[in-house]
Structures are given as structure tokens and as C-alpha cells.
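# Coordinate inspection notes
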Amino acid sequence: PTGGPSAMAQAGVLLTKEPAPQAVPASDLPVKVCEVALNTGPDSSSGLATAGFRTAKYLLPEWRRSNSDLYHKAFTGCEQAERGRAEAKELAEHAAATAQRAQQDSTAALGQRLQDIHFWKAELQKEIEDLDAETGLLAAQKLRLEKALDATKVPYAIATDNLQCRERRQLLDLVSDEVERELLKEAELIRNIQELLKRTLTQAGNQMRLNRDHKEVCEMDWSDKVETYNIDDKCGRYSNQSTNIQFHPSSMKFEESASTPETWAKFSHDNIYRAEREKLASINLRALIDNILHDVSEDLRMQCAAVNEAFAKRCEELDDTKHKLEHHLKKILKEIGDQEANIAALKEAIRDKEAPMKVAQTRLYDRSFRPNIELCRDEAQFRLISEAEELTESIESLKKKLLESEQSLRNLEDTRMNLEKEIAVKTNSIFIDRQKCMAHRTRYPVVLKLAGYQ
């Protein structure tokens, strides 16, 4: 269509708006030629002022077709909504009935599950009580073993202290006499008895640990079943009127680690079976402990009488050797003190060289920043480098001497330790021969104490 500037402006406004849906395919309309009537009166404008209002508009059939489409869509929407409401009502009634039946079935299944849990819970509780009682009886036998083992400490200390000290002395101190032979026999007997008692204690401790482990397994199983029983009992009491229910979408799935009813029952059955097996082993072990304690308590007193007749020698020779060692130790201690003072003086001398070294190196470092041609190897530069080298050489000499002095001190310390060790050996030997062995053998434990009754 044609027109003036106002008509073009009006056409631009219309094209920016969303056009109405087209009922028929768009096509080019035939050009309509409008004949404008001329007004030749005194108030005539020749029709140019209204030319823009007669162009770029929809046709009346298009307007009617658009309204008809809207009527049809509204009617179709009403029919679909009515049909949807009927289907929704039917679906809601079916869902309510299905939910009620499912809830009743779930409640019944929870009730049956509670009965199964209660059965295994009672069996586990009985097994826990029996295993706890048996562990208490085994603990009493283990206490007897511990008392018997403690009772052997006095004769073992009397026999082995002397032997151990003599074995640590030099070859000249290893004198094989009657005391040595009797002490060796007694020490070997006590060691064998102690090893037997320790093995039996270890076996009893392991059995008690197994009892407690299986008891703990049963207790954990029992505890899980109590917790599960409470959970399932609470779940069975839920209803649609409960106030503490809410949505948990993530729970609507099976856990990968979930058990089956068969594996669940087998788990508790296996726990009870293993607990019964350990209880029988514990009963057999208690009978074995009785026999062991009866047999080992008799032989220790027999060997005690033979050892009591042999002590009377070697104290004077040990005293003389001990005095000589103490005299040399005093000299070593004096030399150690002098060497430590020397090491301290060397360290102080090395520290005294640190400040001059810092001065020389700082001067060299600062002079390295001289610009351009000023970075000259002048006499001052050579003297600073020489000074740093001299200081380095002095420090290295002092450090070398310090290392030598420290090595000498370590050698003196080693000698001191060897002397002190030898003096301790001699002191211990004198103590065992003169005081401990002869005096303490009167405190040998009685048979009842060796049997673990005291």
C-alpha cells in the first residue's frame, strides 16, 4: 500500500506487535486501487489527512476467523478438563484403596518380623549370660596362674640374678663351682616352669579374649536386634493420623549391603554356634590348669634345699677387683671434665670468628653492587677476599680440632661406660653372693603359694 510519512510510521508500529494467528496461508493480496473523492469546497483538504488510517490493517474475515478459533479452543479445553477431573477422581479412589491394602500388609509383615527378632534376641541373651559366667570361672583360674607365676619370681630372682651377672662378666670371672651348677639347675627348672605358666596364661588370656570377642559379637547382634525391634515396633505403630511422619524419597530403595531373611537368620545362628564352641574350649582349659598347677608346685622346694648348701666363696676377690676399677674410673672422670672444658673453649673461638666473617662477606657483597666501571678488582677487593679466606681457614682448623676433641671425649665416655658397667657387674655379683642369695633363700615361697592358692 502507498501513503505518506504518517502511513509508513503507522505500518512500522503494527509490524512490531505480535500478529494474530493466520487461518489461511499468507499470500500477496491484489492491489486495491482506492479512488479518493475530491472535495473542492472551501474547507477541503483533498483527503490527504486520513490516508494513513486506511492502510496496513487486518481484514474483517480474518478477525472473525481468529475469534472462532479462540471459541473452539475454549470449548475443547473445557471438555478435556471435565474428562481429566473424572479420571483423577477414579484414580484417587483406586490409589486410596491400594494404599490401605499395602499398609495393612506391611503392618502384618512387621508383626511377623517382630516375632522373629524376639526369638533370636532371647537366644542371644541366654548365650551371652552363659558365656559371661564361663569367662568368670576361667578368669578365676587365670588368677591362680598369675599368682603361681608371681610366686616364682623370688626363687627366679635369687637363682638368675647371680647367673646373669656372672654371664655378663669377663671370662676370668666365669668360675664353674658347685654354686654355679646348682644355680644353673634351679634357674633352668624355674625358667621351664615359668615358660609353662606363661604359655598357659597366654592360652587362658587368648581363650578369655575369644570368649569376650564372641560375647561382644553376640552383644552387638543382640543390641542390633533390640534397636531393630524398637524401630520395627515404632514403624508398626505408625498410621495415617500420626504426627511424626514425613516424606523420605531417598529411602524408597534397597541398600546394596542389605541382607536376606536367610542370611539374617544364619548370621545369628553362626554367632551362637561359635560362642558355644568357645565355651566348651574354656571348660576343657580350666581342667588343664588344675593339673598344671598341681604338678609344678612340688619340684621347686626340692631344688631349693640343694642350692641352700653351696654359698660361701669369692667375695674378697670381687671386692679387690671392684676397688681397682673405681680408682681408674676417677681418673677417667677427671679427664672427661678437662676435655669438656676444652671443647667449650673451641666452640667459643669458632663463635668469635663469626662476626669478622660476617663483616668481610658483607663488605664483599655490598661492593658487588658498584655500577659499571666502578666494579674494579682493586686492592681493597683483594684484601677483603684474602681476609675471608683466612677466616675460613681458621674456622676450618678450629672445627677440625673440635671434631678431634669431641671424638676423644666420646672415647673417654665409652671407657667410662665400660668401667661403670664392669663396676655394676662386680657390685651386683657381690650383692647376690653376700646378701641377696644367702639371705633371701629363707623367703622361698611355700607350696600353697606356688600352687596359686595364696
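Before reading on, note that the structure itself is shown above.
Here the residue numbering is sequential within each chain, running from 1 through the sequence in written order. Local features in this predicted model are restricted to residues whose pLDDT is 70 or higher, and side-chain atom pairs enter the listing and the counts only when it is 80 or higher, whereas totals over whole chains, interfaces and linings include all residues. The basis for every side-chain value is the complete set of non-hydrogen atoms in the structure, without hydrogens or water.

The helix count covers DSSP runs of H or I at least four residues long, the strand count covers runs of E at least two residues long, and both are numbered beginning at the N terminus. The number of helices and strands found in the protein is nine helices and zero strands. From first element to last, N terminus to C terminus, the protein shows the α and β order α-α-α-α-α-α-α-α-α. For the exposure calls, accessible area comes from a 1.4 Å probe over protein chains only, and a residue counts as buried if that area is under 20% of its type's maximum, exposed if over 50%, partly exposed in between. Going through the 454 residues of the protein one by one, you find that 28% of them count as buried. Pairs at least 24 apart in sequence give 89% of the contacts found in the protein among residues at least 6 apart. Calculation of accessible area relied on Shrake-Rupley with a 1.4 Å probe; when residues are assessed, cover is drawn exclusively from the protein chains displayed. Accessible area for the protein stands at about 32000 Å²; split by element, carbon and sulfur atoms hold 57% of it. Two residues qualify as a contact provided that any one of their heavy atoms is within 4.5 Å of a heavy atom in the partner residue.

Time to look at the pattern of salt bridges. Side chains that carry opposite charge are capable of pairing whenever their charged atoms lie near each other. Here, a salt bridge means any Lys or Arg side-chain nitrogen found within 4 Å of an Asp or Glu carboxyl oxygen. The tally for this structure, following the rule as stated, stands at 19 salt bridges. Note that aspartate 290 is salt-bridged to arginine 144, the shortest N-O span being 2.9 Å. A residue pair is termed long-range when its members are at least 10 positions apart, and aspartate 290 in helix 5 (residues 261-307) and arginine 144 in helix 2 (residues 60-151) qualify at 146 residues. Looking at aspartate 290, the relative accessible area reads 36%, which means it is partly exposed. Under the relative-accessibility criterion, arginine 144 is labelled buried at 12%. The salt bridge partner of arginine 416 is glutamate 413, with a shortest N-O separation of 2.7 Å. Linking arginine 416 with glutamate 413, this pair stays in helix 8 (residues 379-440), spanning three residues, or about one helical turn.

Judged by nonpolar contacts, the single largest core of 21 residues is most densely connected at Ile332, Ile336, Ile350, Leu398, Leu402 and Leu419. Counting residues per element, the ones that place at least two in this core are helix 6 (315-352), helix 7 (354-367) and helix 8. Sort the elements by how many residues they give to this core and helix 8 lands first, with ten residues. Not counting the four nearest positions on each side in its chain, isoleucine 332 is found in contact with Leu412, Thr415, Arg416 and Leu419. If you look at the next biggest cluster of nonpolar residues, it comprises 20 residues, including Leu145, Leu197, Val296 and Leu450. By nonpolar core we mean a set of buried residues, namely Ala, Val, Leu, Ile, Met, Phe, Trp, Tyr and Cys, connected to one another through side-chain atoms within 4.5 Å.

Turning to helix 8, a few remarks are in order. Residues that lie three or four places apart on an α-helix share one face, since the helix turns once every 3.6 residues. Given the number of residues in a helix, its expected span is that number minus one, multiplied by 1.5 Å. In a regular helix each residue adds 1.5 Å, so 62 residues correspond to 92 Å; helix 8 covers 86 Å between its end C-alpha atoms and thus fits that length. To get the bend at a residue, fit one axis to the 7 residues ending there and another to the 7 starting there, then take the angle between the axes. Taking the largest bend as the criterion, helix 8 deviates by roughly 50 degrees, centred on isoleucine 432.

This brings us to the packing of helix 4 (residues 178-237) against helix 5. Between N-to-C directions, angles cover 0 to 180 degrees, with each direction set by a line fitted to C-alpha atoms, over the stretch in contact for helices. In contact at an axis separation of 9 Å, helix 4 and helix 5 are set at 160 degrees when each is read in the N-to-C sense. Taken together, the axes of helix 4 and helix 5 are roughly antiparallel relative to one another. The handedness of the crossing between helix 4 and helix 5 is left-handed. Think of it as three bins: nonpolar holds Ala, Val, Leu, Ile, Met, Phe, Trp, Tyr, Cys and Pro, charged holds Asp, Glu, Lys and Arg, and polar takes everything else, Gly as well. The class makeup of the residues in the contact of helix 4 with helix 5 is 23 nonpolar, nine polar and eight charged. For classification purposes, an angle smaller than 35 degrees is called roughly parallel, one larger than 145 roughly antiparallel, one from 65 to 115 roughly perpendicular, and anything else oblique. Left-handed describes a crossing whose near helix is turned anticlockwise from the far helix through less than a right angle; right-handed describes the clockwise counterpart.

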